[in-house]
Amino acid sequence: MGSKTVTLLKRLLPYDPPRWAQGLKNIPRNLIRLSPRDDDKVGMINPWNLPSIPKQFEVFIRREDAIGAAISGNKVRKLEFLLADAIEKGCKHVITCGGIQSNHCRITALAARELGMTPHLVLRANIGSESDVGCEGNVLLNRMCGAQMYMVPKLSPYLSELKPRMEKLAETIREKTGEESYLIPVGGSNTLGVFGFLTVFEELLPRIPWITDIVVACGSGGTVGGLCIANHLTGSKVKSVSS
Ligand SMILES: Cc1ncc(COP(=O)(O)O)c(C=O)c1O
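These lines cover the structure that appears in this document, whether it is placed above or below.

**A word on the site of the ligand**
Stage number 1. Near the ligand, the surroundings consist of Asn-74, Lys-75, Lys-78, Ser-189, Ala-217, Cys-218, Gly-219, Ser-220, Gly-221, Gly-222 and Thr-223.
Stage number 2. The contact in question runs from an oxygen atom of the ligand to an N or O atom on the side chain of Asn-74, over 3.1 Å.
Stage number 3. Within the side chain of Lys-78, a nitrogen or oxygen atom sits 2.5 Å from an oxygen atom of the ligand.
Stage number 4. Burial of the ligand by the protein amounts to 68% of the accessible area it has alone, namely 400 Å².
Stage number 5. Its atoms largely coinciding with the cavity grid, the ligand occupies the largest pocket.

**Details of the pattern of salt bridges**
Stage number 1. Summed over the entire model, instances satisfying the criterion amount to ten salt bridges.
Stage number 2. The shortest N-O distance in the salt bridge between Glu-114 and Arg-11 comes to 3.3 Å. Here Glu-114, found in helix α4 (residues 103–114), pairs with Arg-11, found in helix α1 (residues 3–11); they are 103 residues apart in sequence, far enough to count as distant.
Stage number 3. Looking at Glu-114, the relative accessible area reads 43%, which means it is partly exposed.
Stage number 4. You can call Arg-11 partly exposed: its relative accessible area is 33%.
Stage number 5. Across the salt bridge formed by Glu-171 and Lys-168, the nearest N and O atoms sit 4.0 Å from each other. Residue Glu-171 and its partner Lys-168 are located together in helix α6 (residues 158–177), separated by three residues, close to a single helical turn.
Stage number 6. A relative accessible area of 37% means that Glu-171 is categorised as partly exposed.
Stage number 7. In this structure Lys-168 comes out as partly exposed when scored by relative accessible area, which is 48%.

**A closer look at the nonpolar core**
Stage number 1. Ranked by internal contacts, the top residues of the largest apolar core, which has 55 residues, are Ile-32, Leu-34, Leu-83, Leu-115 and Ile-214.
Stage number 2. Of all the secondary-structure elements, those providing two or more residues to this core are α3 (74–88), α4, β6 (118–124), β7 (148–152), α7 (195–207), β9 (213–216) and α8 (222–234).
Stage number 3. Considering each element in turn, this core owes the most residues, eight residues, to α3.
Stage number 4. Once residues lying within four places of it in the same chain are set aside, the contact partners of Leu-115 are Leu-8, Arg-11, Ile-32, Leu-34, Leu-83 and Ile-87.

**Description of the packing of α7 against α8**
Stage number 1. At a minimum axis separation of 7 Å, α7 and α8 run at an interaxial angle of 55°. The angle between the axes of α7 and α8 places the two elements in the oblique class. Helix-helix and strand crossings are classified by hand; for α7 and α8 the assignment is right-handed. Contact with α7, carried on its side by Phe-197, Leu-198, Val-200 and Phe-201, involves Gly-222, Thr-223, Gly-226, Leu-227, Ile-229, Ala-230, Asn-231 and Thr-234 of α8 and no other residues of that element.

**What about the layout of surface pockets?**
Stage number 1. By volume, the largest pocket is sized at about 1100 Å³.
Stage number 2. Surrounding the largest pocket, 42 residues form its lining, Phe-60, Ile-214, Val-215, Val-216 and Ala-217 being those nearest its centre.
Stage number 3. For the lining of the largest pocket, the secondary-structure elements that each account for two or more residues are β4 (60–62), α3, β5 (93–99), α4, α7, β9 and α8.
Stage number 4. The biggest single contributor to the lining of the largest pocket is β9, with four residues.

**Details of the packing of aromatic side chains**
Stage number 1. Applying the stated criterion to the full structure yields four aromatic pairs.
Stage number 2. When the ring of Phe-60 is compared with that of Trp-210, the centres are 5.8 Å apart and the planes differ by 70°; the resulting orientation is edge-to-face. Of this pair, Phe-60 sits in strand β4 while Trp-210 sits in the loop between α7 and β9, and the two are 150 residues apart along the sequence.
Stage number 3. Exposure remark for Phe-60: the relative accessible area of 27% places this residue in the partly exposed category.
Stage number 4. Ring centres of Phe-81 and Phe-195 lie 6.2 Å apart, and the angle between their planes is 55°; on these two criteria the pair is classed as tilted. Placement of Phe-81 in helix α3 and of Phe-195 in helix α7 is noted, with a sequence separation of 114 residues between them. The pair Phe-81 / Phe-195 is uniform in exposure class, with both members buried.
Stage number 5. Through a chain of ring-to-ring contacts, three or more aromatic side chains come together here, namely Tyr-15, Phe-81 and Phe-195.

Rules and cut-offs
Residues numbered from 1 in each chain as written. Predicted model: local features only at pLDDT ≥ 70, side-chain atom pairs only at ≥ 80, totals over all residues. Heavy atoms only, no water. Near = heavy atom within 4 Å. Polar contact = N/O pair within 3.5 Å; in protein donor to acceptor, adjacent residues only side chain to side chain. Areas by Shrake-Rupley, 256 points an atom, 1.4 Å probe, with all protein chains shown as cover. 1 Å grid on protein atoms, 1.4 Å probe; cavity = no way out; pocket = protein on both sides within 12 Å on 5 of 7 lines; lining within 4 Å. Sits in = over half its atoms within 2 Å of the grid points. Salt bridge = Lys/Arg side-chain N within 4 Å of Asp/Glu carboxyl O. Helix = DSSP H or I, 4+ residues; strand = E, 2+ residues; numbered from the N terminus. Buried < 20%, exposed > 50% of the residue type's maximum accessible area, 1.4 Å probe, protein only. Core = buried A, V, L, I, M, F, W, Y, C linked by side-chain atoms within 4.5 Å. Contact = heavy atoms within 4.5 Å. Axes fitted to C-alpha atoms, helices over the stretch in contact; angles between N-to-C directions. Parallel < 35°, antiparallel > 145°, perpendicular 65-115°, else oblique. Left-handed = near helix turned anticlockwise from the far one by under 90°. Points joined across faces, edges and corners; volume = space filled by probe spheres on them. Phe/Tyr/Trp six-rings, centres within 6.5 Å; stacked < 30°, edge-to-face > 60°.

Structure representation (structure tokens):
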């Protein structure tokens, strides 16, 4: 085992699920912190003064973006479990997929690079090849961290096209380098990634026990999925709404 692998293994933190989650299957053993955790920022919940809402409602915004800079936002929560698994499995490459400007892909690429793994991104766009992609937004950050980008048509479905493409890529990498790749589904939403949002729920509720509804954006579904599982397991009566 190389010294880099040993250093990474030392960064893993044992995951201790909350009591209400202990009956779940496939509980991750470890996680890795991808952004500095400042307790004040983790708990940051700001009042949001929307002019048009009726007076009896109060709206707060949870600052999930405040946990870091380029590596921040809701995707970090899932990646802290997924990349810990990649480290445990000794993978040298991380492959994921999403839209051309996907935040999930950008954060995965930066985090993988920071951990010494090579990022590969299968990106949906109607563009011929990587050289035609340009340098805007997240693509610039992908380029800056040396992520390999592979284009697929914009409407490619995950199961029939993106997933097989990622598997083929892993096979090619194995043949060429003898190294293993870790595959992350679109948005990092799978049974492991979802634990990130059990953690968010665990942090959130004691801080704002009076809330009645949680509203989140929905892309791949892991964020709202994790919150709903936690809501059910804790017996909380908070309503989760996603759009
Ligand atoms: C800020 C924000 N919130 C929520 C979501 C949805 O997350 P998920 O892919 O877990 O449904 C996304 C991603 O699309 C996002 O960027």
